[in-house]
Amino acid sequence: MPYYVTTPIYYVNAEPHLGHAYTTIAADVLARHMRQRGEDVFFLTGTDEHGEPVTRAAEALGITPRELGDRNVVHFRDLVTRVNATTDFFIRTTDPEHYAVVEEVVQRIQDNGHVYPGTYEGWYCPRCADFKSEAEVEDGDRCPIHKIKLDWEREDNYFFRLSAFQEPLERLYAEYPAFVRPENRHNEALAFIKQGLRDVSLSRARLRWGVPVPWDREQVIYVWIDALLNYYSALAYAREGEDLRPRFWPASVHLIGKDILKFHAVIWPAMLMAAGIEVPRQVFVHGFLLMGEHKMSKSLGNVIDPFQVIDLYGSDALRFYVLREVAFGGDGSVSPEGFETRYTTELANEYGNLASRTMAMVARYRDGAVPATTASAELTGDFDGLAERVIERFDAVDVSGALEEIWRRVRRLNQWVQETAPWQLAKEPGSDDQLDAVLYGLVEGLRVISILLHPFMPEATTRLLDAIGAEDRSIAAARFGDVERLGAVSGIAPLFPKVEREPAPAA
Ligand code: MSP
């Protein structure tokens, strides 16, 4: 089955922070999990380089928007590598091939009669690149998201007849309740649609930086229309000489943050309907990473630098932390202290020590050979249906829920060590079979857990699975029992060693 997952494309107006790394990490965990299930996966990320957010930042630096894009795209590409994301393509909206698809689709929307010239007058947030209705404006003239003073804009441009899609959108929501998830976001988007849709600008007259309107080169296409089309255009040219759209369109899931819900849940499906293109299967909306009570953002200056954390602790630890600390779909606070605590208690102690102790006991009591036996019914029972439950969580894009299911078994194994006290069994004559079963159960449990944890922590789990000689890392192999006979185990350096320095402080 084809599985196409995307992240938003990030504005290149500043360098990336943990909020950007978050979606890329979550999308990568989904992509890796789906590959374990044997699905045909395509994973897209990239950068959004047009519009005011980039133009204004470039102006402030005295450089062109293109120069700013070229400068910052390096950091966004680097972030993909550093968080160990297995993306299949990195799109830039400045790619000429993207321009071609945008022009073609916008022309189609026009040909289908959904565009007309008009005058826009109203509030505009240059940071959101969003036209704000009176109802959205805060304190008379402020952006509800960025808290900055809004611009009062008046210009003649082209409008997209969004209002004509009110009913088709309502039908879409009724027929596919999972189009937007979680449910509260579905309700929010639907309420927005039901309150009555107003047409939106499809082009900008004053801006020069963007994709030209095909029938009027004096204007550029509004940055959000251009940006949303990235999900579709990338498939047209990601592989030379091959159009991947028949294979991967419609997208399986667009992962987005809650601040860009309206664009993805309302404007995007309407645009696609207007162009006669199938709508994506799902938009999954996650919350914000907060520092204290505030959204982590460059403009607020309260960001955690993912590069620093990775330098000190490695990408596995960062990936684990953001998906463990915050329930995926809601908001949640993160902090250097919280990171440190989870690193020590969960990664180093609960998982890392479990691995080291198990390997050391197999080495000491059984010369490194995994006993060829079966585990106790009790332990086996605790792993019953685990892979299925993890798959179910992933199908609901509940990435943190999947992690919790797995982590409960990490804790179960630690408890098992305490309950069975293998070091006592080793001393008691006649307990050989029992010790065999305990050691086998521990290695087998570690094997299953590590396969399931692999999408979250690819490096550490690979080291562990290599050390126990487990070759099959597919989901099918994540069943506790006699799936794969393990032979000898080799020693292993601590998976999550003690780090002496403090984690990265908030900038
Ligand atoms: N360029 C647009 C998206 C276009 S997609 C067709 C954009 N870019 S952005 O760089 O401002 O934000 C990209 C994503 O990062 C958004 O989903 C946003 O929600 C997310 N985040 C930015 N800060 C965040 C947190 N503090 N926490 C979680 N996600 C955050 O919007």
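Figured I'd write up the structure that's included with this text. Here the structure is a predicted model, which is why all the values come from computation and not from measurement.

With that settled, the discussion passes to the environment of Asp151. For Asp151, the location among the structural elements is in strand S6 (residues 151–160). A C-alpha to C-alpha distance of 27 Å links Asp151 and His114, two positions 37 residues apart in sequence. If sequence neighbours within four positions are ignored, Asp151 has contacts with Arg56, Gly122, Trp123, Tyr124 and Pro126. There is a polar contact of 3.0 Å between the side chain of Asp151 and the side chain of Arg56.

Moving on: the site of the ligand. Around the ligand, the surrounding shell holds 25 residues, and the nearest of these are Ile9, Asp48, Asp259, Leu289 and Met296. One of the backbone nitrogen or oxygen atoms of Ile9 is found 2.8 Å away from a nitrogen atom of the ligand. Within the backbone of Leu289, an N or O atom sits 2.8 Å from a nitrogen atom of the ligand. Protein contacts shield 94% of the accessible area of the ligand, which totals 660 Å² for the unbound molecule. Spatially, the ligand is embedded in the largest pocket. Secondary structure elements with two or more residues in the shell around the ligand: strand S1 (2–11), helix H1 (18–36), helix H7 (223–228), helix H8 (230–237) and strand S12 (253–257). The leading source of residues in the shell around the ligand is S1, at four residues. When the residues that make up the shell around the ligand are grouped by side-chain class, the tally is 14 nonpolar, eight polar and three charged.

This next bit is on H1. Compared with an ideal rise of 1.5 Å per residue, which puts 19 residues at 27 Å, H1 spans 26 Å between its outermost C-alpha atoms and is within 8% of the ideal. Most of H1 is tucked away, with 17 of its 19 residues classed as buried. Phi for Gly38, located one or two positions after H1, is positive at around 85 degrees.

Let us look at the pattern of salt bridges. All told, the structure shown has 45 salt bridges when counted by the stated rule. In this structure, Arg281 and Glu278 form a salt bridge, with 3.7 Å as the shortest nitrogen-oxygen distance. For the salt bridge of Glu346 with Arg411, the shortest nitrogen-to-oxygen distance reads 2.8 Å. Taken together, the residues Glu346 in helix H13 (residues 336–366) and Arg411 in helix H16 (residues 399–420) connect sequence positions 65 residues apart. Of the residues examined, Arg411 reaches a relative accessible area of 37% and is grouped as partly exposed.

Let's shift gears to helix H18 (residues 432–453). Along its 22 residues, H18 runs 31 Å from first to last C-alpha, staying within 8% of the 32 Å computed at 1.5 Å per residue. The element H18 is largely enclosed, with a buried count of 19 among its 22 residues.

The strand order across the open sheet formed by four strands is S5-S4-S6-S8, and the pairing between neighbours is antiparallel. Edge positions in the open sheet fall to strand S5 (130–132) and strand S8 (200–201), since each of these has one partner strand only. Packed on one face of the sheet, helix H10 (residues 261–275) meets S5, S6 and S8 and runs near 30 degrees to S6.

So, on to the layout of surface pockets. In this structure, the largest pocket spans a volume of roughly 1,200 Å³. Class assignment for the residues of the lining of the largest pocket results in 23 nonpolar, 14 polar and 11 charged.

Right, let's talk about unusual backbone geometry for a bit. As a rule of thumb, non-glycine residues mostly have phi less than zero, and peptide bonds are mostly trans rather than cis. The amide bond that connects Arg181 to the next residue, Pro182, takes the cis arrangement and shows omega of -5 degrees. By the element assignment, Pro182 lies in the loop between strand S7 (180–181) and helix H6 (183–194). The amide bond that connects Trp249 to the next residue, Pro250, takes the cis arrangement and shows omega of 5 degrees. Summarising the element assignment, Pro250 is placed in the loop between helix H9 (245–248) and S12. For Lys147, which is not glycine, the phi torsion reads 65 degrees and is therefore positive. Note that Lys147 resides in the loop between S5 and S6. For Lys147, a relative accessible area of 46% translates into the label partly exposed. Its identity is not glycine, yet Asp367 carries a phi of approximately 50 degrees, on the positive side.

Conventions and cut-offs
- Residues numbered from 1 in each chain as written.
- Predicted model: local features only at pLDDT ≥ 70, side-chain atom pairs only at ≥ 80, totals over all residues.
- Heavy atoms only, no water.
- Helix = DSSP H or I, 4+ residues; strand = E, 2+ residues; numbered from the N terminus.
- Contact = heavy atoms within 4.5 Å.
- Polar contact = N/O pair within 3.5 Å; in protein donor to acceptor, adjacent residues only side chain to side chain.
- Near = heavy atom within 4 Å.
- Areas by Shrake-Rupley, 256 points an atom, 1.4 Å probe, with all protein chains shown as cover.
- 1 Å grid on protein atoms, 1.4 Å probe; cavity = no way out; pocket = protein on both sides within 12 Å on 5 of 7 lines; lining within 4 Å.
- Sits in = over half its atoms within 2 Å of the grid points.
- Nonpolar A, V, L, I, M, F, W, Y, C, P; charged D, E, K, R; others polar.
- Expected span 1.5 Å × (residues − 1).
- Buried < 20%, exposed > 50% of the residue type's maximum accessible area, 1.4 Å probe, protein only.
- Salt bridge = Lys/Arg side-chain N within 4 Å of Asp/Glu carboxyl O.
- Pairing = 2+ DSSP bridges.
- Axes fitted to C-alpha atoms, helices over the stretch in contact; angles between N-to-C directions.
- Points joined across faces, edges and corners; volume = space filled by probe spheres on them.

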